[in-house]
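The lines below spell out each chain.
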Amino acid sequence: MKINYNWKNVDHSKAAEEYADSKLDRVSKYLHSVQAFEISFEMIHGEVSANLNLHGDGNKFNAQNSSKDIYACIDGLEDKIVKQVSKHHDKKATH
């Protein structure tokens, strides 16, 4: 699974990338194929704003989160995207 990162007005952090990689591994169990992960981090008014785009199983998923701490922001992204993907997975399973 390849994740593309974009950093705008935020210092590039390898530790944050590794943390996001480990957190987003959980998403792959709900999808058969993941084409692309794109995460962009941006500093807005002292808060880290993150946007996650996921292309998988022919669908597009998007999650956004803001927080003072980049790790809390990643946790929020994970919660939101897992909720969306698992809901999609449940819908497909019932059909």
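Residues numbered from 1 in each chain as written. Predicted model: local features only at pLDDT ≥ 70, side-chain atom pairs only at ≥ 80, totals over all residues. Heavy atoms only, no water.

Please give an account of the sheet that holds strand E4 (residues 59-67) that cites residues and values.
Taken in spatial order, the 4 strands line up as E1-E2-E3-E4 in an open sheet, and their pairing is mixed. Only two strands of the sheet have a single neighbouring strand rather than two, namely strand E1 (3-8) and E4. Within the sheet, the average angular offset between the axes of one strand and its neighbour, ignoring direction, is 15°. Two elements, strand E2 (residues 34-44) and strand E3 (residues 47-56), share 10 bridges in a ladder whose sense is antiparallel. Bridge pairing links Ile 39 to Leu 52 in E3. Here helix H1 (residues 14-24) sits on the sheet and contacts E1, E2 and E3; the angle it forms with E1, its principal contact strand, is near 140°. (Pairing = 2+ DSSP bridges. Helix = DSSP H or I, 4+ residues; strand = E, 2+ residues; numbered from the N terminus. Axes fitted to C-alpha atoms, helices over the stretch in contact; angles between N-to-C directions. Contact = heavy atoms within 4.5 Å.)

Residues and numbers for the confidence of the model for the chain, please.
On average, residues of the chain score 88 in pLDDT, and 96% of them are at 70 or above. Model confidence for the chain, summarised as mean pLDDT per element, is weakest for helix H2 (residues 70-94) at 86 and strongest for E4 at 93. (pLDDT = per-residue confidence, 0-100.)

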